[in-house]
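# Chains, contacts and geometry: an overview
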Amino acid sequence: MPEPSAHPPFPQQSARRDWAVRIVPSTGGARLHTEIHGPDDAPTVVLVHGWTCNTALWHGVLHRLLPDHRVVLYDQRGHGRTPPTPGNCDADALADDLCAVLDATVPDGARAVVAGHSMGAMTVVAAAGRPQLAERAAAALLCSTGIDRLTGESTVLPLRPGSVRLAGQRFLLTNRLRYGPPTPLSRRLVHRITLGPGATRTQRAAVTRMVSACAPRPRAEWGRVLSALDLTERAAALDLPVTLLQGTADRLTPPVHAHRLAALLPRRPEFAELPGIGHMTPFEAPGRVADVVRGLVKEHL
């Protein structure tokens, strides 16, 4: 399985004819780079990446869903090939963008399974109560995510809970330092922050390239949004069948987040923990993520 680069083309795309790129407009001037892979008559799956990532995060899952699914991926504003929208970044913007993509890519009368990772899963929660989500989403997979207290409960810094750890983890989210080009030190830091202990050197290098490719200003602007995020009320309105997938070695959004989210959802979710997996579940365990998506498609589409 090829590993993702910072801004990869779809592997072997020159030989494929069942893929397309669209630019989907959204609020605040956003123009979302959106990819559609697979046959038009297959069930639709929409994959939403997290903070500092891009569509490359999902390539391992994408390969496992093709050719019997129609897979939609898009870059969040300020990530990947989607330009930033300074001053137009908040939870409502995340919801606006998902709803715009659902309207633009899910056929009329059909519904999709929506899978989000980290900030992408927060995007799904942020859209709770929106008519587009109710009409076009049949079920959701939420991977490695939280809806509040993100800086306070992260365990990235090996410090006791308190003001020092809180300030340090808020700085990690909101600073404008340039992360690239990748170095041996940055690969070690990325490994600690985002990946489980069993991550390979190739995995560390690929994730470091992807994270380093995220521009500092939009990364910091979204980091400020995440540092103050509170979606508890919206979680209580997410009236969809939901599966939660959580790595036990996740330091950015430790399992306490998934357990709290599970207690808030109006429908009791399916819940699976992945032993030894870190924050990048679609990248570290693409087979397991793809299996869960297939199960949701089979049950709800």
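Everything below is about the structure shown above.
Below or above, wherever it landed, is the structure these notes cover. The shown structure was predicted, so the numbers you read here are calculated from the model rather than taken from an experiment. (Residues numbered from 1 in each chain as written. Predicted model: local features only at pLDDT ≥ 70, side-chain atom pairs only at ≥ 80, totals over all residues. Heavy atoms only, no water.)

## Digging into the packing of helix H7 (residues 184-194) against helix H8 (residues 201-212)
The condition that has to hold: Axis geometry follows a simple rule: fit a line to the C-alpha atoms, using only the stretch in contact for helices, then measure angles between N-to-C directions, giving values from 0 to 180 degrees. Here a helix means four or more residues in a row that DSSP labels H or I, a strand means two or more in a row labelled E, and each is numbered from the N terminus. We call two directions roughly parallel when the angle between them is under 35 degrees, roughly antiparallel when it is over 145, roughly perpendicular when it lies between 65 and 115, and oblique otherwise. Two residues qualify as a contact provided that any one of their heavy atoms is within 4.5 Å of a heavy atom in the partner residue.
The N-to-C vectors of H7 and H8 enclose an angle of 95 degrees; their axes lie 9 Å apart at closest approach. Taken together, H7 and H8 sit at an angle that is classed as roughly perpendicular. Across from Ser-186, Arg-187, Val-190, His-191 and Thr-194 in H7, the residues of H8 making contact are Arg-204, Ala-205, Val-207 and Thr-208.

## Thoughts on the environment of Asp-40
Using the following cut-off: Accessible area is worked out with a 1.4 Å probe on protein chains only. A residue is then buried under 20% of its type maximum, exposed over 50%, and partly exposed in between.
With respect to the element layout, Asp-40 can be found in the loop between strand E2 (31-37) and strand E3 (44-48). For Asp-40, a relative accessible area of 65% gives the class exposed. Separated by 24 residues in the primary sequence, Asp-40 and Arg-64 place their C-alpha atoms 17 Å from one another.

## Thoughts on the state of the cysteines
Put simply, the rule reads: Cysteine sulfur atoms that pair up within 2.5 Å are treated as a disulfide.
Enumeration over the complete set of coordinates arrives at 0 disulfides. Among the cysteines around Cys-89, which has no disulfide bond, Cys-214 carries the closest sulfur, lying 10 Å off. A relative accessible area of 12% places Cys-89 in the buried class. Free of any disulfide, Cys-99 has its nearest neighbouring cysteine sulfur in Cys-89, separated by 17 Å.

## Structural notes on the sheet that holds strand E5 (residues 112-117)
Convention followed: Each pair of strands is called paired provided DSSP finds at least two bridges between the two strands.
If you walk across this open sheet you meet the 8 strands as E1-E2-E4-E3-E5-E6-E7-E8, and the pairing is mixed. Strands at the two margins of the open sheet, each flanked by one partner only, are strand E1 (19-25) and strand E8 (270-274). Neighbour-to-neighbour, the strand axes of this sheet turn through a mean angle of 20 degrees, independent of strand direction. Inspection of the sheet shows E3 paired to E5 by 5 bridges, in the parallel sense. What sits directly across from Val-48, in E5, is Gly-116. Against the sheet, helix H13 (residues 286-300) engages E3, E5, strand E6 (137-143), strand E7 (242-247) and E8, with an angle of about 160 degrees to E6.

## Observations regarding the side chain of His-117
Locating His-117 in the fold gives a position in strand E5. Every residue in contact with His-117, bar those within four places of it in the chain, is listed here: Val-48, His-49, Gly-50, Leu-57, Trp-58, Cys-143, Ser-144, His-279, Met-280, Thr-281 and Pro-282.

## Digging into the pattern of salt bridges
Convention followed: One side-chain nitrogen of Lys or Arg within 4 Å of one carboxyl oxygen of Asp or Glu is enough to make a salt bridge.
Scanning the entire structure with this criterion turns up 11 salt bridges. A salt bridge links Arg-234 to Asp-92, with the shortest nitrogen-to-oxygen separation between them at 2.9 Å. Of the two residues, Arg-234 sits in helix H10 (residues 232-235) while Asp-92 sits in helix H2 (residues 91-105), which places them 142 residues apart along the sequence. Assessed through its relative accessible area of 26%, Arg-234 is described here as partly exposed. For Asp-92, a relative accessible area of 37% translates into the label partly exposed. The salt bridge partner of Arg-260 is Asp-148, with a shortest N-O separation of 2.9 Å.

## Examining the pairing of E1
Across 7 bridges, E1 lies against E2 in antiparallel orientation. Bridge pairing links Val-24 to Leu-32 in E2. Connecting E1 to the next strand, E2, in antiparallel fashion are 5 residues, including Gly-28 with a positive phi near 65 degrees.

## Overview of H13
How we decide: One less than the residue count of a helix, multiplied by 1.5 Å, gives the span that helix is expected to have. In this context, the arc is that of the directions from the helix axis out to the C-beta atoms.
Along its 15 residues, H13 runs 21 Å from first to last C-alpha, staying within 8% of the 21 Å computed at 1.5 Å per residue. Along H13, the residues classified as buried are Pro-286, Val-289, Ala-290, Val-292, Val-293, Leu-296 and Val-297. Down the axis of H13, the buried side of the element spans an arc of 160 degrees, and every buried residue falls inside it. Exposed and oriented more than 90 degrees from the buried face of H13 are Asp-291, Lys-298 and Glu-299. Tucked into the core, H13 has its buried residues touching E3, helix H1 (59-65), E5, E6, E7 and helix H12 (281-284).

## Here's the deal with the side chain of Arg-70
To keep things clear, this is the line we draw: When charges are tallied, Lys and Arg are placed among the positive residues and Asp and Glu among the negative ones, while His and the ends of the chain are skipped. Polar contact is defined as a pair of N or O atoms within 3.5 Å, subject to the rule that within protein one atom must be able to donate a hydrogen and the other to accept it, and that residues adjacent in sequence are counted only when both atoms are side-chain atoms.
Along the chain, the position of Arg-70 falls in strand E4 (residues 70-74). For the buried Arg-70, no salt bridge exists, and the shortest N-O distance to an oppositely charged side chain is 4.1 Å, to Asp-40. Separated by 3.0 Å, the side chains of Arg-70 and Thr-44 make a polar contact. Setting aside chain neighbours within four positions, we find Arg-70 in contact with Ile-36, His-37, Gly-38, Pro-39, Asp-40, Ala-42, Pro-43, Thr-44, Val-45, Thr-105, Val-106 and Pro-107.

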